[in-house]
Amino acid sequence: VQFYTDKKDQLSESSQKRLSNGTVLRILDSKEDATLNSNAPSILDFLSSEEKTKFDRTIAILAQLGVKCCINTRLVRGLDYYEGLVFEVVDESNTLGAQNALGGGGRYNKLSIQLGSKEKIFAFGFAGGVERLLYQLEPIDNNQKLRVSLISTENILPQLSVLKNRMQKEVPDVLVDINYDTRLSFKKMFKRADKLNSDYVIILGKNE
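To keep things clear, this report deals only with the structure shown in the data block.

Next up on the list: the packing of aromatic side chains. Scanning the entire structure with this criterion turns up four aromatic pairs. Pairing Phe 3 with Tyr 4 gives two aromatic rings, centres 5.1 Å apart and planes at 80°, and the pair type is edge-to-face. One exposure class covers both Phe 3 and Tyr 4, and it is buried. Summarising the aromatic geometry, the rings of Tyr 82 and Tyr 108 are spaced 5.7 Å apart at their centres and angled 70° between planes, so their arrangement reads as edge-to-face. With Tyr 82 in the loop between α4 (49-64) and β1 (83-90) and Tyr 108 in the loop between β2 (101-107) and α5 (111-114), the pair connects residues that are 26 residues apart, well separated along the chain. Accessibility classification places Tyr 82 together with Tyr 108 in one group, the buried group. Three or more aromatic residues joined by ring pairs form one cluster here, namely Phe 87, Phe 124 and Phe 126.

In terms of nonpolar packing, the biggest core is built from 10 residues, these being Phe 3, Tyr 4, Leu 11, Leu 19, Val 24, Ile 27, Leu 28, Leu 36, Ala 40 and Val 76. Counting nine residues, the second largest nonpolar core, distinct from the first, contains Val 148, Val 174, Val 176 and Leu 204.

Moving on to the state of the cysteines. Under the definition given, this model contains zero disulfides. No disulfide involves Cys 69; its sulfur sits 7.7 Å from that of Cys 70, the nearest cysteine. You can call Cys 70 exposed: its relative accessible area is 70%.

Across the sheet, which stays open at both edges, the three strands sit in the order β1-β2-β3 with antiparallel pairing between neighbours. The open sheet terminates on both sides in strands that have one partner only, identified here as β1 and β3 (124-128). Averaged over all pairs of adjacent strands, the angle between their axes in this sheet comes to 15°, without regard to strand direction. As paired elements, β2 and β3 share five bridges and run antiparallel to each other. Residue pairing across strands places Gly 103 opposite Gly 128, the latter belonging to β3.

Moving on to the sheet that holds strand β4 (residues 146-151). Read across the open sheet, the three strands follow the order β5-β4-β6; overall the sheet is parallel. Where the open sheet ends on each side, the last strands, each with one partner, are β5 (174-178) and β6 (200-203). Recorded for the sheet is a direction-independent mean angle of 25° between the axes of neighbouring strands. Two strands pair when backbone bridges link them, and β4 and β6 are joined in this way by four bridges, in the parallel orientation. Residue pairing for β6: Ser 149 is matched across the bridge by Val 201.

Tallied over the entire structure, the rule returns five salt bridges. With a closest N to O distance of 3.3 Å, Glu 170 and Arg 166 form a salt bridge. On the criterion of helical spacing, the pair formed by Glu 170 and Arg 166 is a turn pair, its members being four residues apart in helix α7 (residues 157-170). The pair Glu 170 / Arg 166 is uniform in exposure class, with both members exposed.

For the rest of this paragraph, the subject is a positive patch on the surface. The grouping of Lys 187, Lys 188, Lys 191 and Lys 195 at the surface amounts to a positive patch. Tracing the chain through its elements places Lys 195 in helix α8 (residues 186-195).

Conventions we followed
- Residues numbered from 1 in each chain as written.
- Predicted model: local features only at pLDDT ≥ 70, side-chain atom pairs only at ≥ 80, totals over all residues.
- Heavy atoms only, no water.
- Phe/Tyr/Trp six-rings, centres within 6.5 Å; stacked < 30°, edge-to-face > 60°.
- Buried < 20%, exposed > 50% of the residue type's maximum accessible area, 1.4 Å probe, protein only.
- Helix = DSSP H or I, 4+ residues; strand = E, 2+ residues; numbered from the N terminus.
- Core = buried A, V, L, I, M, F, W, Y, C linked by side-chain atoms within 4.5 Å.
- Disulfide = S-S within 2.5 Å.
- Pairing = 2+ DSSP bridges.
- Axes fitted to C-alpha atoms, helices over the stretch in contact; angles between N-to-C directions.
- Salt bridge = Lys/Arg side-chain N within 4 Å of Asp/Glu carboxyl O.
- Patch = residues over 30% accessible without salt bridge, like charges linked within 9 Å, V, L, I, M, F, W, Y side chains within 5 Å.
- Areas by Shrake-Rupley, 256 points an atom, 1.4 Å probe, with all protein chains shown as cover.
- Lys, Arg positive; Asp, Glu negative; His and termini not counted.
- Charge placed at Lys NZ, Arg CZ, Asp CG, Glu CD.

What follows is the structure in structure tokens.
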């Protein structure tokens, strides 16, 4: 707010309106103000220690999975209830031209309160462009897939993610589910696996 207020006369008319109504981050998405935006403060310089730890952990998991990512400090999602890390998935094959964003999302932990809940429901979500995704995918028959659930009470999400990724690459016709909630008991984890009609469950822990 301080950066753009000091340079208000250099902003486009639409960005001046965003500055006045409080949707300041949307200015970063303005092509009319691209030159000015290139000098705006980087959000990475203002992360709390907890946010930085979570961000670095996410980037590390992506690296372990072999997912190429580009850190974009100017990325803005179109809805204001996002908080923390946001992302987009893009196609680099040039088959979609300028419309190469396949989807995007992030966290919105306070959305439940905005919708009338009395407590936060910690949430993560994303949306995809259906036609763009269908254009990129090959049809599969999920009924012919082998279903496997990975469960653990240990906080080893990176290892589980790497294992899931490796299995789906190396094992023919397999669908792999990860239980991310380490607060659940093994009994509830097995119930989840049962609801998913898992053929096998793999348990990972200190002794397993």
